Structure formats: structure tokens, C-alpha cells
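Structural description and commentary
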Amino acid sequence: MTQDELKQAVAKAAADYVAANVPAGSIVGVGTGSTANCFIDELAKIKERIGATVASSEATKQRLEAHGIKVLDLNEVSSMPVYVDGADEITARLEMVKGGGGALTREKIVAAVADQFVCVCDASKLVDTLGKFPLPVEVIPMAREYVAREIVKLGGQPKLRTGFTTDNGNLILDVHGLRIGDPAGFEATLNGIVGVVTNGLFACRGADLLLLATPTGVKQITR
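Along each chain, numbering runs from 1 in the same order as the chain's sequence is written. Totals for whole chains, interfaces and linings use all residues, but because this is a predicted model, local features are given only for residues with pLDDT of at least 70 and pairs of side-chain atoms are given and counted only at 80 or more. Side-chain descriptors were evaluated using all non-hydrogen atoms of the structure, hydrogens and water having been removed beforehand.

**Notes on a nonpolar patch on the surface**
Selection rule: Nonpolar side chains (Val, Leu, Ile, Met, Phe, Trp, Tyr) are joined into patches within 5 Å and like charges within 9 Å, using only residues with over 30% relative accessible area and no salt bridge. We get accessible surface area from the Shrake-Rupley algorithm with a probe of 1.4 Å; when it comes to residues, only the shown protein chains can shield them. Think of a salt bridge as a Lys or Arg side-chain nitrogen and an Asp or Glu carboxyl oxygen that are within 4 Å of each other. Only DSSP runs of H or I reaching four residues or more are called helices, and only runs of E reaching two or more are called strands; each is numbered from the N terminus.
Together, Ile140, Met142 and Val197 make up an exposed nonpolar region whose accessible area comes to about 300 Å². On the secondary structure map, Val197 appears in strand β11 (residues 196-199).

In C-alpha cells, the structure reads:
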């Protein structure tokens, strides 16, 4: 199976999971990225079961609305049974690196509201140790160089994502050269640097369920 076929398979499995486990009329949180886009296309096939959605980016909002799926502002939502999103890397403990698409802050906020975080990805994203994929860090523009210097002190090699601004109007530093043995601790350390909005480690609030696409089918992995 190609990677695109794996993404489509796990997206369908996620839509089936939502249909089977989420009460009709519920609000579904939807992530950002290529696998999330496949999930949106599958979600459109069962949109009559969905009360509404919350989008983690403007791009996701536009794709949902193009399918005729209602999108709510998160401030209108007090509870949400499930959030479905992909990952750039994930461990068997369901700690993740996310933010390759630059939506990490909104993804983290929507995930915090959801009762359950379902991660959808193909087997190539499963790793023993996080860090090979550059870790995105969203920063306030005026703090860019200060934050970069502090990250160097922590052993990282930050590189500005050129020509890119987040939906929040901020910048992204992609941090190379990391091998993250304590994801939750490193997540907290980075977030403690003044000028950091948040970083792409999802370890303090990792996934609850991983739907992992493999050539032999979609596997379910829980913490």
C-alpha cells in the first residue's frame, strides 16, 4: 500500500470509530494536515450524525465548510467527546510531535477540551524516541532570537520557518538535532521560555487512542 492509501484507510477507520462510539449530534474536534484532510472527507459521508465540528485551523475550517459541515468557534463549546488528528511522530506511549503544518497551538487547545484524543497516522510515524522530525515551536515575533538562543542552550538547533505565519500571527522555529527522552519534561521546559506560545510536543496531554495504518490493516493502540 502507498502512504496515501494508508492515510485513506486510517481516515475511514476514524470515521467508522466516530460513527460507532460518539453519540449522534455530538461535536467533533478536527485536526490539521494531510491525514486529517482524508478524515474530513470521510466525515462528510456521515455528516448527518454530526451536530457540529470545531476546527484546529483556518484550512480545516474551510475544508469542513466546503463539505457542508457546520463549524463552531471553540468558545461556543463547553464539552466535546472526541478530537481526531494526525501526528508527525508518535511513540507507543502515545506521546507525539505535531505542528508540521503549523497549527500546533490551536491543535493543543482543541485537544485540551476534548474528552478523548484519537490520533490517526500510518506506521511510518511510529518511533521509539521523538526528535528526528524537527520540533515546531510557535513564538511571538519579537521574541524569535531570544527564544532561539535559549533553545540552543537546551541542545537544539532552531531554524526559522521562512515565509510562514501561523493563524495566530506568530512565527515557527523548527528545532533540529533533538533526541527527546523525557517528552513531558521537555514540553514544560520549552513552554517556560518567555516568548514561546507553545511547542509541538503533545506529551503532557498525549493521545488516548492511536489508529495506526499498516499494510495488514488498521491497528488500535491505547495507553
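**Considerations on the packing of aromatic side chains**
Basically, it comes down to this: Pairs were defined over the aromatic rings of Phe, Tyr and Trp, the Trp ring being its six-membered one, requiring ring centres within 6.5 Å. Orientation was assigned from the angle between planes: stacked under 30 degrees, edge-to-face over 60, tilted for the rest. Charge-over-ring placement is defined geometrically: NZ (Lys) or CZ (Arg) within 6 Å of the ring centre, and within 35 degrees of the ring normal.
Under the criterion given, the structure shown has 2 aromatic pairs. A connected cluster of aromatic rings, assembled from ring pairs, spans Tyr83, Phe117 and Phe202. The ring of Phe202 is capped by Lys108, whose NZ or CZ atom sits 4.9 Å from the centre of that ring. Above the face of the Phe164 ring, Arg161 is positioned so that its terminal group lies 5.2 Å from the ring centre.

**Details of the side chain of Arg161**
Cut-off, in case you're wondering: Think of it in three bands: residues with accessible area under 20% of the maximum for their type are buried, residues over 50% are exposed, and the middle band is partly exposed, with areas taken using a 1.4 Å probe on protein chains only. Identification of polar contacts relies on pairs of N or O atoms within 3.5 Å, with a donor-acceptor requirement for protein atoms, meaning one able to donate a hydrogen and the other able to accept it, and with residues adjacent in sequence counted only if both atoms are side-chain atoms. Residue contacts are defined here by distance: any two heavy atoms, one from each residue, within 4.5 Å place the two residues in contact.
Considering the arrangement of structural elements, one finds Arg161 in the loop between β9 (157-160) and β10 (171-176). Judged by relative accessible area, which is 16%, Arg161 ranks as buried. A distance of 2.7 Å separates polar atoms of two side chains, one belonging to Arg161 and the other to Asp174. Those residues in contact with Arg161 that sit more than four places away from it in its chain are Gly99, Gly100, Gly101, Gly102, Pro136, Ile172 and Asp174.

**Observations regarding the environment of Thr216**
Take Thr216: it is sitting in the loop between β13 (209-214) and β14 (217-222). A C-alpha to C-alpha distance of 9.2 Å links Thr216 and Met1, two positions 215 residues apart in sequence.

**Observations regarding the sheet that holds β9**
Condition: At least two bridges found by DSSP between two strands is the condition for calling them paired. Between N-to-C directions, angles span 0 to 180 degrees; the directions come from axes that are lines fitted to C-alpha atoms, helices contributing only their stretch in contact.
Strand order across the open sheet formed by 4 strands is β9-β10-β8-β11, with antiparallel pairing between neighbours. Across the chains shown, the open sheet's two edge strands, defined by having one partner strand only, are β9 and β11. Sheet twist, expressed as the average angle between the axes of neighbouring strands with direction ignored, equals 30 degrees. Judged from the 3 bridges that link them, strand β8 (residues 135-139) and β11 form a sheet pairing that is antiparallel. In the sheet register, Val137 faces β11, and the bridge partner there is Asn199. Along the sheet, helix α5 (residues 144-153) makes contact with β8, β9, β10 and β11, crossing β10 at roughly 15 degrees. Along the sheet face, helix α6 (residues 183-191) touches β8 and β11 and points at about 165 degrees away from the line of β11.

**Details of the packing of helix α2 (residues 34-43) against helix α3 (residues 58-66)**
Test applied: Our angle categories are set so that under 35 degrees counts as roughly parallel, over 145 as roughly antiparallel, 65 to 115 as roughly perpendicular, and the remainder as oblique. Should the near helix be turned anticlockwise from the far one by less than a right angle, the crossing is termed left-handed; should it be turned clockwise, right-handed. Asp, Glu, Lys and Arg are counted as charged, while Ala, Val, Leu, Ile, Met, Phe, Trp, Tyr, Cys and Pro are counted as nonpolar; the rest, among them Gly, fall into the polar class.
Where α2 contacts α3, the axes come no closer than 10 Å and their chain directions differ by 25 degrees. Relative to α3, the element α2 lies roughly parallel. Our pair here, α2 against α3, has a crossing hand that is right-handed. Of the residues in α3, those in contact with Asn37, Ile40, Asp41 and Leu43 of α2 are Thr60, Arg63 and Leu64. In terms of residue class, the contact of α2 with α3 is built from 3 nonpolar, 2 polar and 2 charged.

**Notes on the pattern of salt bridges**
Under the counting rule described, the total for this entry stands at 13 salt bridges. Across the salt bridge formed by Arg63 and Asp41, the nearest N and O atoms sit 3.0 Å from each other. Of this pair, Arg63 sits in helix α3 while Asp41 is found in helix α2, placing the two residues 22 residues apart along the sequence. Judged by relative accessible area, which is 31%, Arg63 ranks as partly exposed. In this structure Asp41 comes out as partly exposed when scored by relative accessible area, which is 29%.

Nothing here speaks to function; it is geometry throughout.
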